[in-house]
Amino acid sequence: MHGRVKIKSTAQQEEEKRKEREKKLKIYVAARDACFSKRKEGIWDDEALQLTQQLLSSNPDFATLWNYRREILMHLETVKEEDEVQKIYEAELSFLESCLKVNPKSYGSWHHRGWVSARLPRPDWARELSLCDRCLSLDDRNFHCWDYRRMVVKVSGVPVDQELGFTDRLIGSNFSNYSSWHYRSTLLPLLHPESPEPPSPRRERPHSSPPPSPQTHSHRVCEEQLLKEYELVQNAFFTDPNDQSAWFYYRWLLGRAEREEMISCVYVSREEERVAVAFSRPVNAQSVGLLLVLDGQPQRVEWRSVHPRFKHSPVWICDLPPGTISDITNEHNLTVHWTEKHTHRDCALYTGRAESWCRDSATDQELFRSELSIEKTSVLQSELQSCNQLQELEPLNKWCLLTIILLMRALDPLGYEKETLAHFQTLREVDATRSAYYSDLCSKFMIENTILKMEYAEVRVFSISDKHLTTLCHLDQLLLVTHINLSSNQLQRLPPQFAMLQCLEVLEVDNNCIESLEGVYHLPKLEELLLKNNKISTLADLQPLASCPKLKCLDLRGNPVTQTANIESALSELLPSVTDLLL
Amino acid sequence: MTEEADGTADREEEASHTEGQEPEADQPAPSAAQSQSVPTKKKISYAQLVKEGRRFNIDLVSKLMYSRGSLVDLLIKSNVSRYAEFKNVTRILTYRNGSVEQVPCSRADVFANRQLSVVEKRKLMRFLTSCVEETEEQQAYRGRPYLEFLRDQQLGDNLQHFLLHSIAMVTEDTPTEEGLASTRHFLRCLGRYGNTPFLFPVYGLGEIPQCFCRMCAVFGGIYCLRHSITCLLLDKDSNRCKAVIDSQGQRISCSHFVMEDGYVGADRKKLATPTRLISRAVLITDSSVLLSDSDQQVSMVTVPPIAAGCPAVRMVELCSSTMTCMPGTYLVHLTCQSVGSAYEDLSPVVTKMFRTAESPEQGTTPHVRHDNSIKVQTITCLLPWQQLTQYQVIFFNFNHRKL
């Protein structure tokens, strides 16, 4: 009848759809096969362009077809006039625009566009830039577009201040955008670079130090501009403290100092006839030109890292030929040269002394302030004030708390210790899913504080007990420590880095959750190891202890391993030097 | 309906007004004769306004539409929206401490605002996000003034002003539940079409009835022009209207007859409609009350009461791209509840915010219509930062029904 719509049954509709799809698939496959066969035969003609265009408009991610298309275009470049080539490439660009509409995040399309723009006889960079503007207005996190924009800016020489203005606009309309903040961070140092400072004379350096490398300051921004940036980013995190991007930008602004590269400590022991060298960062001694000079004579020595697992390590050891320094009546002068960095460190071994060392104190180096220390104290203080202000308004905001902790660490790690611990506690409650991260970070800060206190007390005893330690770090700073007390914490392992503690004599780790003793490896002076109430479960776990020649006292009470059959005899076989065994 | 009806011929795309016209440009600029580096705009004369009269669409009633209000919903539902275009109100302003300030209502506004301290920004954002939900604390303030509620939230004077006058748009006595409802409505409407909750139809409010008429015509409605009804025929028993007689003597039967309230005398009505008087003023100005990067801004301005007992004045400033005024001018509508005459209610605000040119030769030309008093006057007053503005002021007093 007229005017009545025939309603097809669902089954019929399904069948029709299926037929549609099949038909489409057939066309697609035919076209694709045609393309492949043409390519194989090396045919580069208009039909090929047509076919690839047809396929790519529905599937812009078909990389092989883009490749084929590029081959065709390159061939056309050789046979056509420049004006024609210009036209062809411009048509290509508009084709690409339609592809981008289908999928604005297609690798193939963006790459091809970049390729075309580079080959265009007369490129129109302004148009490319406006395309980027449009794409970013639709999705301001499209990283393909950002990369393309960076390329266009670089090639066409768009002035930096114009791009900075672009980030101003983006951030003004929506500041929750990592990409714009990040881009801003790359532009600012170019436009407002920090004027190079003379190297800081804050510490006496008995040995020559290299001038600060240019890289140290190239990513920093001049102070005037920094203050404006602080204002901008403060506006952002006060308006919405839950937006992460502003907080991360803020941390970047506050800056992370780069540690000067040097040898931080040299230790010599007559008994083992051994030299241990600690570096400011992990190195591969074999490749950095490490040279040991004893009493003016260069020595041929084999440098080894503290644990076979490490090819790069902050601490390296070498053995001197027997008899070289064993006579306690002799005085010796050692120098370790790090030839690659033109730095060295001297160490004098006096008569009557069994050991000697030379190191910079962690306090002087402001070692643990490197997280956020480039800024002047006054600036850090005022930033801390602002953050505290925000914290009063938003006591449960984790970003604010974390930033406050970092600022306090940068200003005065020991002075703010109590507040830091309190804030960590709040953090663990407020952001329970990341409580392990906070515990580890807190452990790191506790270790740093203990190292500082140890230095003030001028002792070689390191003690952190009952402080919920979950992880160990900065072990390279503990090279000289003789006694360590880590009892009543939550440590699960003594990692291989523990082997850096070359002077360790007594190790107390009672009441933890230790399962692995990998790091108790070739500790030459270790005599006493207290492991009561831990989780050592098999004999194999105790294997590393066999490498410690002086181990006499071992307390294994309260560990599952004590339930192993014949444990006593097994242990006496494994660890013959141990005389005091507690099971 | 609009005062100026015919605009069909002039519906061309308005030439874009580029900011910062260089005097050295080779386009024929009216200020080409100037030798100074700062381009000064030539004063627009009254004659010019009259000549370009067809570009003006001056609404007798000044309204804005909430983006999630019943009118917008109706326009969408009925599809009438496709007959009209709308523009976002681009900014919300307020008059405070002698100057015009922008009211931050969206997150981007709050971020960009330079007047608020960071702490105030936090407090404002927190309040705006929290007031969307009903809390017990809010219940405790039932019946008490909204201003008191805001004060107790430790929001400070700045924020209280913004929230009370520009966001909730209530008075100091309005109870909390009403103020909160109004605030929530405002916030709900943000972001639907733009950064503010309001829309304005291009070519003015007169477009809306025209669009409905168009829709009606599409569905077969018949329009009789230049006809009026001289009397109604009522059925004796049911007292319902069953026919009308038009001015040409023709009788038209009907089952329903719908008409505007004002055509019937009070004695004839079942329910007396309460009346309220509203004072209105319309200005044509040559620059915006708040200069900014773009000169094409549609602004809603709230002027809080200058003294106790005075009404709050709402002002809508329309740029030329709304097609309600000629390029280079702005159409400004002022509205407030009548306390005295329109002149008494509104001229203090006008004097405060606008500068008028002294033009003694034009003088006061009272031009009185038969059913209401419309005064067309040219007034001069001074505003420190505006250039000299010449404009016409029309004051009306209306018998407006409560809408």
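Residues numbered from 1 in each chain as written. Chains lettered and ligands numbered in written order. Predicted model: local features only at pLDDT ≥ 70, side-chain atom pairs only at ≥ 80, totals over all residues. Heavy atoms only, no water.

Chain B has the name CHM Rab escort protein in an unreviewed UniProt entry, where Labrus bergylta is given as its organism. What the UniProt record of chain B gives under Sequence similarities (unreviewed entry) is the line "Belongs to the Rab GDI family." Under the Subcellular location (unreviewed entry) heading, UniProt states for chain B: "Cytoplasm". (UniProt positions renumbered as here; feature names shortened; annotations may be inferred.)

Under an unreviewed UniProt entry, the name given to chain A is Geranylgeranyl transferase type-2 subunit alpha, and the source organism is Labrus bergylta. Per UniProt, chain A carries the Catalytic activity (unreviewed entry) text "geranylgeranyl diphosphate + L-cysteinyl-[protein] = S-geranylgeranyl-L-cysteinyl-[protein] + diphosphate". Entered under Sequence similarities (unreviewed entry) in the UniProt record, the comment concerning chain A runs "Belongs to the protein prenyltransferase subunit alpha family."

Draft legend 1. Broad picture of the interface of chain B and chain A. In this complex, chain B contributes 12 residues to the contact, which on the side of chain A involves 18 residues. Summing the contributions of chain B and of chain A, the shared interface buries around 1,400 Å²; its carbon and sulfur component is 59%. A per-residue breakdown of the area chain B buries against chain A is headed by B:R107, B:F111 and B:R122, which together make up 53% of the total. On the surface where chain B and chain A come into contact, there are 3 salt bridges. For A:D240, the salt bridge is made with B:R107, and the minimal N-O distance between the two is 2.5 Å. Looking at the side of chain B that touches chain A, the elements that each hand over two or more residues are α3 (107-112) and α4 (118-130) of chain B. (Contact = heavy atoms within 4.5 Å. Buried area = accessible area lost by both parts, 1.4 Å probe. Salt bridge = Lys/Arg side-chain N within 4 Å of Asp/Glu carboxyl O. Helix = DSSP H or I, 4+ residues; strand = E, 2+ residues; numbered from the N terminus.)

Draft legend 2. Examining the environment of A:T186 more closely. All names here are of chain A. With respect to the helices and strands, the residue T186 is situated in helix α9 (residues 178-191). With a relative accessible area of 37%, T186 lands in the partly exposed category. Distance in space between the C-alpha atoms of T186 and R220 is 9.9 Å, their sequence separation being 34 residues. (Buried < 20%, exposed > 50% of the residue type's maximum accessible area, 1.4 Å probe, protein only.)

Draft legend 3. View of the domain arrangement of chain A. Residues and elements named next belong to chain A. Domain assignment breaks chain A into domain 1 (11-123), domain 2 (223-255 + 367-441), domain 3 (271-359) and domain 4 (460-581). Facing the 4 residues of domain 2 at the interface are 4 residues of domain 4. Buried surface at the junction of domain 2 and domain 4, summed over both partners, amounts to about 400 Å²; 63% is from carbon and sulfur atoms. Across the contact surface, domain 2 and domain 4 share 2 residue pairs in polar contact (both at pLDDT 80 or more). The residue makeup of the side of domain 2 that touches domain 4, split by class, is 2 nonpolar, 1 polar and 1 charged. (Domains from an automatic or database assignment. Polar contact = N/O pair within 3.5 Å; in protein donor to acceptor, adjacent residues only side chain to side chain. Nonpolar A, V, L, I, M, F, W, Y, C, P; charged D, E, K, R; others polar.)

Draft legend 4. Region of the structure containing the nonpolar core. Residue and element names in this part refer to chain A. Among the nonpolar cores identified, the biggest contains 68 residues, and F462, I484, F498, L507 and V520 are the most heavily contacted of them. Where this core is concerned, the elements lending two or more residues are β1 (263-269), β2 (274-283), β6 (313-319), α15 (398-411), α16 (417-430), α17 (435-457) and α18 (567-574). Counting 53 residues, the second-largest nonpolar core is a separate cluster that includes C145, F175, L187 and L407. (Core = buried A, V, L, I, M, F, W, Y, C linked by side-chain atoms within 4.5 Å.)

Draft legend 5. Main features of the packing of aromatic side chains. Scanning the model with the defined rule gives 25 aromatic pairs over all chains in all. On the basis of an interplanar angle of 70 degrees and a centroid distance of 5.5 Å, the ring pair of A:F248 and A:W399 is categorised as edge-to-face. Of this pair, A:F248 sits in helix α12 (residues 244-254) while A:W399 sits in helix α15; the two residues are 151 residues apart in sequence, bridging distant segments of the chain. On the basis of relative accessible area, A:F248 is assigned to the partly exposed category, the value being 35%. The exposure class assigned to A:W399 is buried, which follows from its relative accessible area of 13%. Ring geometry for B:Y66 versus B:F198: centroids 4.9 Å apart, planes at 50 degrees, classification tilted. Residue B:Y66 is found in strand β1 (residues 65-66), and its partner B:F198 is found in strand β5 (residues 198-201); the two are separated by 132 residues along the sequence. For B:F198, a relative accessible area of 4% translates into the label buried. One aromatic cluster in this structure is built from A:Y230, A:F237, A:F238, A:W247 and A:Y250. (Phe/Tyr/Trp six-rings, centres within 6.5 Å; stacked < 30°, edge-to-face > 60°.)

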